[in-house]
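# Topology and contacts: notes
Chain by chain, the residues:
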Amino acid sequence: MLPIVEAGHPVLRAVARQLSFQEITSPLIADLIESMRETMRAAPGVGLAAPQIGESLALAVIEDRASYHAHVPEAELASRERVAVPFHVIINPRVEVLDAGPVEFLEGCLSVPGYAAVTPRALAVRVHALDHRGEPKVIEARGWYARILQHEIDHLGGTLYVDRMVSRTFASTRSVAPPAARGR
């Protein structure tokens with residue numbers, strides 16, 4: 001497991017460095033991706049950006065496992081347009097807004113533990129990125145998946161959800177919703 005850095009650490013406010021093809025295809029980055037996957041799952045979380053583990057690299061891992069949805073009411077999953085998302089990596093991503101919405105839902109972060117706030121996000125996005133092999137990929141996402149992508153890409157630009165939140169909704173996670181409703 002890798003330690004997750006918390007708000008206040010300078011790496012979370014820096015713009016992450018883009019990776020070269022040689023770096024992306026190196027054993028070092030392959031090992032980092034696997035360690036990030038294990039750390040994200042253990043947290044548990046649905047995304048983890050390299051700055052969150054102290055590495056100022058434009059790389060994030062994402063996975064919204066079906067098992068995370070088991071205790072979330074069906075109506076809540078539907079309202080968030082939340083579906084299972086298989087594990088994948090985004091490197092050097094660029095986000096393009098397809099439907100600005102905005103949609104507002106409670107959002108938390110592994111680097112801001114114990115707190116959550118209503119955070120407006122675009123409803124649909126297109127992300128241009130490289131995968132773990134350095135191959136280009138385009139992801140079109142709506143709903144919760146679009147939220148996860150925007151959240152992780154924000155980390156790569158030195159932005160935390162607290163910069164976008166509706167400040168009057170900022171609260172302890174114990175006081176705002178049961179764990180299943182927070183989206184992990």
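Values in this document were obtained by computation on a predicted structure and should not be read as measured data. (Residues numbered from 1 in each chain as written. Predicted model: local features only at pLDDT ≥ 70, side-chain atom pairs only at ≥ 80, totals over all residues. Heavy atoms only, no water.)

A word on helix α4 (residues 143-156). Between its terminal C-alpha atoms α4 stretches 21 Å, which fits the 20 Å expected from 14 residues at 1.5 Å a residue. Most of α4 sits inside the fold, with 14 of its 14 residues counted as buried. (Helix = DSSP H or I, 4+ residues; strand = E, 2+ residues; numbered from the N terminus. Expected span 1.5 Å × (residues − 1). Buried < 20%, exposed > 50% of the residue type's maximum accessible area, 1.4 Å probe, protein only.)

Our next topic: the side chain of E63. Its location among the elements puts E63 in strand β2 (residues 59-64). Take E63: its relative accessible area is 8%, and that puts it in the buried class. Side chain to side chain, E63 and R41 meet in a polar contact 2.7 Å long. The contact partners of E63, leaving out residues within four places of it in the chain, are M40, R41, G45, V46, Y68, V85, P86 and F87. (Polar contact = N/O pair within 3.5 Å; in protein donor to acceptor, adjacent residues only side chain to side chain. Contact = heavy atoms within 4.5 Å.)

Under the defined criterion, the tally for this structure stands at 16 salt bridges. Between E107 and R121 there is a salt bridge, with its nearest N and O atoms 2.7 Å apart. Here E107 is found in strand β4 (residues 103-108), whereas its partner R121 is found in strand β5 (residues 115-121), with 14 residues between them in sequence. The class for E107 is buried, based on a relative accessible area of 4%. A relative accessible area of 4% means that R121 is categorised as buried. (Salt bridge = Lys/Arg side-chain N within 4 Å of Asp/Glu carboxyl O.)

Judged from the six bridges that link them, β4 and β5 form a sheet pairing that is antiparallel. Counted as the bridge partner of E104 is P120 from β5. Counted along the chain from β4 to the antiparallel partner β5, the turn is six residues long, and its residue G114 has a positive phi close to 90°. (Pairing = 2+ DSSP bridges.)

Turning next to the pairing of β2. Successive side chains on a regular strand alternate, one facing one side of the sheet and the next facing the other. The buried fraction of β2 is high, at six of six residues. Of the two faces of β2, both are covered, the one formed by L59, V61 and E63 as well as the one formed by A60, I62 and D64. Here strand β1 (residues 47-49) runs beside β2; their pairing, made up of three bridges, is antiparallel. Bridge pairing links L48 to V61 in β2.

Within the secondary structure, A7 is located in the segment before α1 (21-24). Sequence separation between A7 and C109 is 102 residues; the distance between their C-alpha atoms is 9.6 Å. If we ignore the near neighbours within four places in the chain, the residues touching A7 are L12, S111, V112 and L160.

Per-chain confidence: the protein averages 94 in pLDDT, with 96% of residues scoring 70 or above. For residues 179-184, every residue scores under 50 in pLDDT, and the model assigns this stretch 16 contacts once sequence neighbours within four places are set aside. (pLDDT = per-residue confidence, 0-100.)

If you trace the three strands from one edge of the open sheet to the other, you get β4-β5-β8, paired in antiparallel fashion. The open sheet has two free edges, formed respectively by β4 and β8 (171-172), since each of these has just one partner strand. Sitting on the sheet, α4 is in contact with β4 and β5, with an inclination near 55° to β4. (Axes fitted to C-alpha atoms, helices over the stretch in contact; angles between N-to-C directions.)

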